[in-house]
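# Understanding the architecture of this molecule
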Amino acid sequence: MQAYREEEAPIIESGDGFEVIDVAGRRYLDGTSSLWCNVHGHRVPAIDEAIRDQLNRIGHSTLLGLGSPPSIELARMLVERVPPGLTKVFYSDSGATAVEAALKIAVQSHRQKPGGGEDRTLFAAIGGGYHGDTLGAVSVGRVERFHSMYGGLLFPTIMLPCPSGYRLPEGHDAASWLAHCEAELERVVTEHRHELAALIIEPLVQGAAGIQVHPPGYLRKVREVTRRHGILLIADEVAVGFGRTGTLFACEQEQVEPDLLCLGKGISGGYLPLAATLCTDAIFENFLGPPEAGRTFYHGHTYTGNALGCAAAIASLQLFERNHVLENVNANAVLIERELAPLLSHPHVGQIRQRGILIGIELVQDRSTQLYFPSKLRMGHQVTLAARRRGAIIRPIGDVVTLIPAPAMPGDLVRRVCQTLLESIDEATRSA
Ligand SMILES: *Cc1c(COP(=O)(O)O)cnc(C)c1O
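Residues numbered from 1 in each chain as written. Predicted model: local features only at pLDDT ≥ 70, side-chain atom pairs only at ≥ 80, totals over all residues. Heavy atoms only, no water.

Right, let's talk about the pairing of strand β1 (residues 12–16) for a bit. Walk down a regular strand and you will see the side chains alternate between the two sheet faces. Looking at chain direction, β1 and strand β2 (residues 19–22) are connected through four bridges and run antiparallel. Note that in β2 the partner of I12 across the bridge is D22. Taking the residues between adjacent antiparallel strands as the criterion, β1 and β2 are bridged by two residues, where G17 takes a positive phi near 60°. (Pairing = 2+ DSSP bridges. Helix = DSSP H or I, 4+ residues; strand = E, 2+ residues; numbered from the N terminus.)

Encoded structure:
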């Protein structure tokens, strides 16, 4: 807050397509999709109209004991689009709550399964993972910057090594590290197969870890090992879902069918707080029984399945198809790779990580020794400020500069934001 108060960050008053506009009328290209959630741009007529139309009926009514047409219609649309096997939808209002619901469903489902319940309360997760800021989500996450403060409040989770990284441990190359990670996965899951309720993973890309891209095949391997041992797989697609990796959902790329799927961020097109946890029939059925049997999932948020949010989400999914948004993502992914290629030989760029339109650029003081910049320089932040002066909003994660354009951003704007990024990295690192 101290640094923030000194720098007079823009106060955003309005938006227009893929730009946000501050109270002084300055326009900025939205290079972070308003924190990874905006999909089709701002003030999109079809989404605005869907929300207004819903507003003319009702803004919100509870889903606790009642239903609503937009929540029903959206549930059907989601089930038709997610990987096969996921047939039931539980709504909440943020990525973190979608994860909390998944964790609790996993534990309770094991307790109530046919043929005698099992008390499984342990989770496995991938090192460096991020699943939200509520305590259950923090317990299964491990981004030091976010998590070190709350250690005493968290439940224990088994952390598996992350199969990607810029600075691999001594003696490893990418292939040997992947083999090590897969062997650890196998070993740990086998060892704890009677205690583990579920394994949670961000499929393909660990976003908040600094856009860590998993090697091909790792997700499939995780599915194969968890299935073999009867351990549920929770796919947290809060960041990667809704097109960002080039398919509507990242799991599709390795033909993986998780038992639970967490959706948030882009679900409403980036308009309103909405999230969903999807599960299989097999899990759902473990919660059925006469009310007195007490098999209910006691979990509900006041604004769960908010009607305005669901209306926006329905309109957003329709636009995906109408505007061929996934094709745009794949074209832009190629474009970005080409536009950022000059950074491959930049003296202060250690690594460029990209999957689809999720990009992380790791800044270093010395490319050959992989030496970090001193943290007090806040080099990632300096790049952000340089970009801001040039009319683009970018956000760093430490010294990883991230570029997360909206899936529907037109190519000419994507090119402009890439050029701005190149200039900003040059300017910020020139004096270093
Ligand atoms: C952002 C994020 C969350 C948390 O979502 P919120 O809406 O901020 O609670 C969970 N998981 C992943 C992978 C995320 O990127």
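Now, onward.
It is worth spelling out the packing of aromatic side chains at this point. Under the defined criterion, the tally for this structure stands at four aromatic pairs. For the ring pair F123 and F155, a centre distance of 6.0 Å and an interplane angle of 40° mean the geometry is tilted. Here F123 is found in strand β5 (residues 122–126), whereas its partner F155 is found in the loop between α7 (144–147) and β6 (157–160), with 32 residues between them in sequence. Accessibility expressed as a relative area gives 3% for F123, which makes it buried. A residue is classified by how much of its surface remains accessible, and F155, at 32% relative accessible area, is partly exposed. With a centroid separation of 6.0 Å and 80° between ring planes, the pair formed by F287 and F297 is classed as edge-to-face. Pair noted here: F287 is in the loop between α10 (281–285) and α11 (307–322) and F297 is in the loop between α10 and α11, with a separation of ten residues, a long-range link. (Phe/Tyr/Trp six-rings, centres within 6.5 Å; stacked < 30°, edge-to-face > 60°. Buried < 20%, exposed > 50% of the residue type's maximum accessible area, 1.4 Å probe, protein only.)

With mixed pairing, the seven strands of this open sheet are ordered in space as β4-β12-β11-β10-β7-β5-β6. Each end of this open sheet is capped by a strand with a single partner; those strands are β4 (86–92) and β6. The average angle at which neighbouring strand axes cross in this sheet is 20°, direction not considered. Here β4 runs beside strand β12 (residues 275–280); their pairing, made up of six bridges, is antiparallel. When the sheet's bridge partners are listed, S92 is paired in β12 with A275. Along the sheet, helix α8 (residues 174–191) contacts β6 and β7 (196–201); its crossing angle with β6, the most-contacted strand, is approximately 160°. (Axes fitted to C-alpha atoms, helices over the stretch in contact; angles between N-to-C directions. Contact = heavy atoms within 4.5 Å.)

This part covers unusual backbone geometry. The phi dihedral of S34 is positive, around 50°, even though this residue is not glycine. Residue S34 is classed as partly exposed on the basis of its relative accessible area, which comes to 32%. Even without being a glycine, Q255 presents a positive backbone phi close to 45°. In this fold, Q255 is placed in the loop between β10 (232–236) and β11 (260–263).

The subject of this paragraph is the domain arrangement of the protein chain. When the parts of a complex come together, some accessible area is lost, and that lost area is often taken as the interface size. When its domains are assigned, the protein chain resolves into domain 1 (2–30 + 324–429) and domain 2 (48–322). The interface is formed by 28 residues belonging to domain 1 together with 26 residues belonging to domain 2. Across the domain 1 to domain 2 interface the summed buried area is about 2100 Å²; carbon plus sulfur atoms make up 56%. The tally of links from domain 1 across to domain 2 stands at one salt bridge. In this structure, the salt-bridge partner of E362 is R167, at a minimum N-O distance of 3.1 Å. In this assembly, domain 1 and domain 2 are joined by twelve residue pairs in polar contact (both at pLDDT 80 or more). Of all the elements in the fold, those that place two or more residues in the side of domain 1 that touches domain 2 are α12 (325–339), β13 (349–355), β14 (358–363) and β17 (400–403). Here the side of domain 1 that touches domain 2 takes five residues from β13, the largest share from any one element. Split by residue class, the side of domain 1 that touches domain 2 holds 14 nonpolar, ten polar and four charged. (Domains from an automatic or database assignment. Buried area = accessible area lost by both parts, 1.4 Å probe. Salt bridge = Lys/Arg side-chain N within 4 Å of Asp/Glu carboxyl O. Polar contact = N/O pair within 3.5 Å; in protein donor to acceptor, adjacent residues only side chain to side chain. Nonpolar A, V, L, I, M, F, W, Y, C, P; charged D, E, K, R; others polar.)

Before going further, it helps to examine the site of the ligand. Contacts to the ligand come from S94, G95, A96, Y130, H131, G132, E202, D236, V238, A239 and K265. Within the contact set of the ligand, an oxygen atom lies 2.6 Å away from a side-chain nitrogen or oxygen of K265. Coverage of the ligand by the protein amounts to 82% of the 380 Å² it exposes when considered alone. Taken together, the residues of the shell around the ligand sort by class into four nonpolar, four polar and three charged. (Near = heavy atom within 4 Å. Areas by Shrake-Rupley, 256 points an atom, 1.4 Å probe, with all protein chains shown as cover.)

Another aspect to go through is the pattern of salt bridges. According to the stated counting rule, one finds 26 salt bridges in the structure shown. Put simply, E321 and R81 hold a salt bridge, and the shortest N to O gap is 3.1 Å. One end of the pair, E321, is in helix α11; the other, R81, is in helix α4 (residues 69–81), and 240 residues separate them in sequence. Among the residues examined, E321 registers a relative accessible area of 46% and is labelled partly exposed. Two residues, K221 and E186, come together in a salt bridge whose shortest N-O distance is 3.4 Å. Pair noted here: K221 is in helix α9 (residues 218–228) and E186 is in helix α8, with a separation of 35 residues, a long-range link. For K221, a relative accessible area of 22% puts it in the partly exposed group. The exposure class assigned to E186 is partly exposed, which follows from its relative accessible area of 22%.

Following the sequence through the fold, E427 ends up in helix α14 (residues 411–430). In the structure, E427 is positioned 45 residues away from Q382 in sequence and 8.9 Å away in space, judged by C-alpha atoms. The residues contacting E427, other than those within four sequence positions of it, are A386, R389 and R390.

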